[in-house]
Amino acid sequence: MWSGPRNISTAMMRAWGNRPDTLVSDEPFYAFYLKATGKKHPGADEVIATGETDWRKVVAHLTGPLPNGKRIFFQKQMTHHLLPEVDREWLGAVMNCFLIRDPCEVIASYVKKREDPALEDLGFVQQAEIFDVVRERISAIPPIVDAKDVLENSERMLCLLCDAVDVEFSESMLSWPPGLRETDGIWAKYWYDKVARSTSFRPYQPKSEAVPKRLREIYERCRECYERLYEYRLH
């Protein structure tokens, strides 16, 4: 599932990770991305030291066999981690879904952690590029869900998503125990404070913050990409 940052991607990982038949992977390209770009994210050195920085090995893991007892591999992927040098051919070995969110809400959340994001930090342009690659490969529209829709009616949207990927819906996806998980990335202590306190998808609450003037141009570019995918969302 391809998402940008400051979406409900970790909560979505919780939903799938609460299924007994599902293995989850938390941002498997993150260490590679940080080493390749030199981005100064919180805990970057620790992420690089403990993660896999060879994208080819990451791909081999993501397309390899599942452990006994697991039949679904949910991969929480950040679109901006899939740098241009990563071969896109492996996308044909997995079913690609997209989790989108209004860029106004993404930016309002992101600037609380990092004040001056660049366009490429927000993942919208990369999400549109990955969408185009997948759409051309399968000659169809891949499943897309919008964060607001999920928060407003999580059961309905998870049912639609499961149906779209040919998986039986499980009520275990609707709630989970609080706290962090062994499957969480080592960066969880910096980014997952809210989801660690959660036990389900939180009800949708509109954001009142305006996009800072310095980020208006970036916002407009993100919105173009968002609206193109929003048109095809499950609803």
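Treat the numbers as computed from the prediction; the structure is a model and nothing was measured. (Residues numbered from 1 in each chain as written. Predicted model: local features only at pLDDT ≥ 70, side-chain atom pairs only at ≥ 80, totals over all residues. Heavy atoms only, no water.)

Draft legend 1. How the structure looks around the environment of P67. Examined against the element boundaries, P67 turns out to sit in the loop between α4 (55-62) and β3 (72-78). Counting along the chain gives 44 residues from P67 to L23, while the straight-line C-alpha distance between them is 8.2 Å. (Helix = DSSP H or I, 4+ residues; strand = E, 2+ residues; numbered from the N terminus.)

Draft legend 2. Broad picture of the pattern of salt bridges. Taken as a whole, this structure holds 19 salt bridges when the rule is applied. The shortest N-O distance in the salt bridge between E224 and R221 comes to 3.3 Å. One end of the pair, E224, and the other, R221, are both in helix α12 (residues 216-230), three residues apart, so they sit about a helical turn from each other. What makes R221 partly exposed here is its relative accessible area of 36%. Notably, a salt bridge pairs E227 with R223, separated by 3.1 Å at the nearest N-O pair. (Salt bridge = Lys/Arg side-chain N within 4 Å of Asp/Glu carboxyl O. Buried < 20%, exposed > 50% of the residue type's maximum accessible area, 1.4 Å probe, protein only.)

Draft legend 3. Region of the structure containing helix α7 (residues 124-138). Compared with the 21 Å implied by 1.5 Å per residue over 15 residues, the 21 Å span of α7 between its first and last C-alpha is a close match. Of all the residues in α7, the buried ones are F124, Q126, Q127, A128, I130, F131 and V134. Looking at the buried side of α7, the elements it contacts are β1 (2-3), β4 (98-100), α5 (103-110), α6 (119-122), β5 (144-146) and α12. Once α7 ends, the next one or two residues include S139, with phi positive near 55 degrees. (Expected span 1.5 Å × (residues − 1). Contact = heavy atoms within 4.5 Å.)

Draft legend 4. Structural view of the pairing of strand β2 (residues 22-26). Burial runs high along β2: four of the five residues are buried. Bridge count between β2 and β3: five bridges; the pairing is parallel. The partner of L23 across the bridge, within β3, is F73. (Pairing = 2+ DSSP bridges.)

Draft legend 5. The arrangement of the sheet that holds β4 in detail. An order of β2-β3-β1-β4-β5 is seen for the five strands of this open sheet, with the pairing classed as parallel. Pairing within the sheet leaves two strands with one partner each, and these edge strands are β2 and β5. Sheet strands touched by α7: β1, β4 and β5. Its angle to β4, the strand with the most contacts, is close to 150 degrees. (Axes fitted to C-alpha atoms, helices over the stretch in contact; angles between N-to-C directions.)

Draft legend 6. How the structure looks around the pairing of β3. In terms of residue burial, β3 counts as a mostly covered element, since seven of its seven residues are buried. Bridge count for β1 against β3 is two bridges, and the pairing is parallel. Within the sheet, the bridge partner assigned to S3 lies in β3 and is M78.

Draft legend 7. Structural detail: a positive patch on the surface. Residues K113, K194, R197, R202 and K207 make up a contiguous surface patch of positive charge. The partly exposed category is assigned to R202, whose relative accessible area is 42%. (Patch = residues over 30% accessible without salt bridge, like charges linked within 9 Å, V, L, I, M, F, W, Y side chains within 5 Å. Areas by Shrake-Rupley, 256 points an atom, 1.4 Å probe, with all protein chains shown as cover. Lys, Arg positive; Asp, Glu negative; His and termini not counted. Charge placed at Lys NZ, Arg CZ, Asp CG, Glu CD.)

Draft legend 8. Representation of the side chain of R19 in the model. When you line up the elements, R19 lands in the loop between α1 (9-17) and β2. At 3.0 Å, the side chain of R19 forms a polar contact with the side chain of D21. Among all residues touching R19, those that are not within four sequence positions of it are R71, I72, C162, V167, E168, F169, S170, S172 and M173. (Polar contact = N/O pair within 3.5 Å; in protein donor to acceptor, adjacent residues only side chain to side chain.)

Draft legend 9. Summary view of the packing of α5 against α12. At a closest axis distance of 9 Å, the pairing of α5 and α12 adopts a crossing angle of 135 degrees. Considering their axes alone, α5 and α12 lie oblique with respect to each other. On α12, the residues that touch P103, C104 and I107 of α5 are Y219, C222, R223 and Y226. Taken together, the residues that form the contact of α5 with α12 break down as six nonpolar, no polar and one charged. (Parallel < 35°, antiparallel > 145°, perpendicular 65-115°, else oblique. Nonpolar A, V, L, I, M, F, W, Y, C, P; charged D, E, K, R; others polar.)

Draft legend 10. The packing of α7 against α12, seen in detail. The contact between α7 and α12 brings their axes to 8 Å, and the two run at 35 degrees. Between α7 and α12 lies a crossing of left-handed hand. Mapping the contact onto sequence places F124, V125, Q127, A128, F131 and D132 in α7 and R221, C222, C225, Y226, R228 and L229 in α12. (Left-handed = near helix turned anticlockwise from the far one by under 90°.)

Draft legend 11. Summary view of the nonpolar core. Residues M12, W16, F29, W90 and F201 are the most contacted members of the largest nonpolar core, which totals 71 residues. At six residues, the largest contribution of residues to this core is made by α12. Not counting chain neighbours up to four residues away, the residues in contact with M12 comprise M1, F74, L99, V145, V150, L158, L161 and F201. (Core = buried A, V, L, I, M, F, W, Y, C linked by side-chain atoms within 4.5 Å.)

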